[in-house]
Amino acid sequence: MLLDELIEGTRKHVVRRLWVISDLQQKYPDRATKCMTTAVSDFLTLSLPVDAVCYLGDATEGNDPDYIRQMTEMQQRELAKIDAPIYYTVGNHDFDYFRAYHAELGRMCLPFVEYVRKFPQWHLPEQVSELAYRVDFGAFAAYFLTDHADPEGRWFVSHGKVHGEEEAYPYTPEDYRRLADQMAEEGKPVITFSHYSFAGGNRAAALFDRLLPLPDNLRIHFYGHAHIGDHVWAGKDCHRKIACVDGQPIMQVDVASLESGRGSAIRSVVLEWYDTHEIGILFRNHSLHCWDDLLINREGDGARVEPYRN
């Protein structure tokens, strides 16, 4: 296949490579196991060494503690087969257990997060209340914009809004602007990852509007949440994998999902940073064991230009 030849031809230019996954999101352990093992086994056949796995949330779904435990342990075992650190961003379904039992718990409780935090391979915000965390990949800096919460359970953020005691939410619009300014001051390209898109993407997070306009050095954004092929929640754009941030020439890529019940296939994305400073985005269909699409993002695509005026 021509697509395979094109992807193979880029290997000699790869400086950094990340495997980006999101939304296993299953209520039942047997379904979760089938989807995850399919994805991992197919990925391993590609013989693509990666610098990191970026897992963009919704690792589980539902509030049955036994089911959550089984699915969590399974994912830790399966992803341990990948010789790379895993960076996780919290998603809305990570709060399912807390939503169901918050009155009894008396504190914030994210079972998946609390379990995988014990393993050195997994990396998450040091505090569940953190708005974002940064990882340096040398050629670029990565910012993981994660759902976050009050450790005491007074508030939490999901779906791009604050739930619970909104008045206790500590982050102001100015805090978000400071985060955008921090990205702008990196002195190198920035790539962002989150469970949600910015405005213009599928099922965008309203709170992210506080970060707009995004800095010129932000090259591309990766997100989950909107499962490709899920017309119930993603609507008319359910098959759209690539969009731009509203009003800016910054691409954002939907990587969801690792499940094929709501989504149309078990999917993920491979991000490659080349020695030409271009970015390759490789869309993998694990259900069919093939590449679906290839996108090349060139250096300068995200730069603002003066609009043409007649």
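The structure displayed is predicted, hence computed values, not measured ones.

On to the overall build of the protein chain. Regarding its fold elements, the protein chain presents seven helices and 15 strands. Relative to the compact-globule value of 19 Å for 310 residues, the protein chain shows a C-alpha radius of gyration of 19 Å, a close match. Considered along the principal axes of its C-alpha atoms, the protein chain spans approximately 60 × 45 × 40 Å. Looking at the 310 residues of the protein chain, the share that counts as buried comes to 55%. Long-range contacts, defined here as pairs at least 24 residues apart, represent 70% of the contacts in the protein chain between residues at least 6 apart. A total of about 13,400 Å² of accessible surface is found on the protein chain, and carbon and sulfur atoms cover 51% of it. Across the protein chain, the centroid of the 32 positively charged side chains sits 2 Å from that of the 47 negatively charged ones.

Looking now at the confidence of the model for the protein chain. Averaged over the protein chain, the pLDDT score is 94; the fraction of residues at 70 or greater is 97%. Here residues 303–310 is modelled with pLDDT under 50, and outside its nearest four sequence neighbours on either side it reaches five contacts, counting other chains as well.

W19, Y55, L79, Y88 and W122 are the most contacted members of the largest nonpolar core, which totals 42 residues. Contributing elements (two or more residues each) for this core: β1 (14–21), α2 (29–45), β2 (52–55), α3 (65–79), β3 (86–88), α5 (111–116) and β13 (267–274). Of the residues forming this core, the biggest block, six residues, is contributed by α2. In this structure, W122 is in contact with Y55, Q75, Q76, L79, I86, Y88, F112 and V116, ignoring residues within four places of it in sequence. Listed in part, the 26 residues of the second largest apolar core include V135, I220, V255 and I281.

Judged from the four bridges that link them, strand β7 (residues 155–158) and strand β8 (residues 161–164) form a sheet pairing that is antiparallel. Counterpart to S158 in the pairing with β8 is K161. In sequence, β7 turns back onto β8 through a hairpin of two residues, with H159 there showing a positive phi of about 55°.

Attention now goes to the pattern of salt bridges. Per the counting criterion, the structure on display carries 19 salt bridges. One salt bridge connects D293 with K241, and the closest N-O pair in it is separated by 2.6 Å. Residue D293 is located in strand β15 (residues 290–297), and its partner K241 is located in the loop between α7 (231–234) and β11 (242–244); the two are separated by 52 residues in the primary sequence. The exposure class assigned to D293 is partly exposed, which follows from its relative accessible area of 33%. Its relative accessible area of 17% is what places K241 among the buried residues. One network of salt bridges, in which partners are shared, links R134, D136, E186 and K188.

With 15 residues, α3 should reach 21 Å at 1.5 Å per residue; the first-to-last C-alpha distance of 21 Å fits that figure. Buried within α3 are the following residues: I68, M71, T72, M74, Q75, Q76, E78 and L79. N-capping of α3 is provided by D64, with a side-chain oxygen placed 2.9 Å from the backbone N of D66.

With that out of the way, let us pick up the state of the cysteines. All chains considered together, the criterion is met by zero disulfides. Free cysteine C35: the closest other cysteine sulfur is in C290, separated by 16 Å. Using a relative accessible area of 8% as the deciding quantity, one classes C35 as buried. The cysteine C238 is free of any disulfide, with C35 supplying the nearest cysteine sulfur at 18 Å.

Each pair of packed helices can be described by the angle between their axes along with the distance between the axes. Close contact between α2 and α3 brings their axes to 10 Å; oriented N to C, the two are set at 10°. Put simply, α2 runs roughly parallel to α3. Listed contacts from α3 to P29, A32, T33, M36, T37 and V40 of α2 are Y67, Q70, M71, M74, Q75, E78 and L79. Taken together, the residues of the contact of α2 with α3 sort by class into eight nonpolar, four polar and one charged.

Scoring rules and cut-offs
- Residues numbered from 1 in each chain as written.
- Predicted model: local features only at pLDDT ≥ 70, side-chain atom pairs only at ≥ 80, totals over all residues.
- Heavy atoms only, no water.
- Helix = DSSP H or I, 4+ residues; strand = E, 2+ residues; numbered from the N terminus.
- Rg over C-alpha atoms; globule rule 2.2 N^0.38 Å.
- Buried < 20%, exposed > 50% of the residue type's maximum accessible area, 1.4 Å probe, protein only.
- Contact = heavy atoms within 4.5 Å.
- Areas by Shrake-Rupley, 256 points an atom, 1.4 Å probe, with all protein chains shown as cover.
- Lys, Arg positive; Asp, Glu negative; His and termini not counted.
- Charge placed at Lys NZ, Arg CZ, Asp CG, Glu CD.
- pLDDT = per-residue confidence, 0-100.
- Core = buried A, V, L, I, M, F, W, Y, C linked by side-chain atoms within 4.5 Å.
- Pairing = 2+ DSSP bridges.
- Salt bridge = Lys/Arg side-chain N within 4 Å of Asp/Glu carboxyl O.
- Expected span 1.5 Å × (residues − 1).
- Polar contact = N/O pair within 3.5 Å; in protein donor to acceptor, adjacent residues only side chain to side chain.
- Disulfide = S-S within 2.5 Å.
- Axes fitted to C-alpha atoms, helices over the stretch in contact; angles between N-to-C directions.
- Parallel < 35°, antiparallel > 145°, perpendicular 65-115°, else oblique.
- Nonpolar A, V, L, I, M, F, W, Y, C, P; charged D, E, K, R; others polar.

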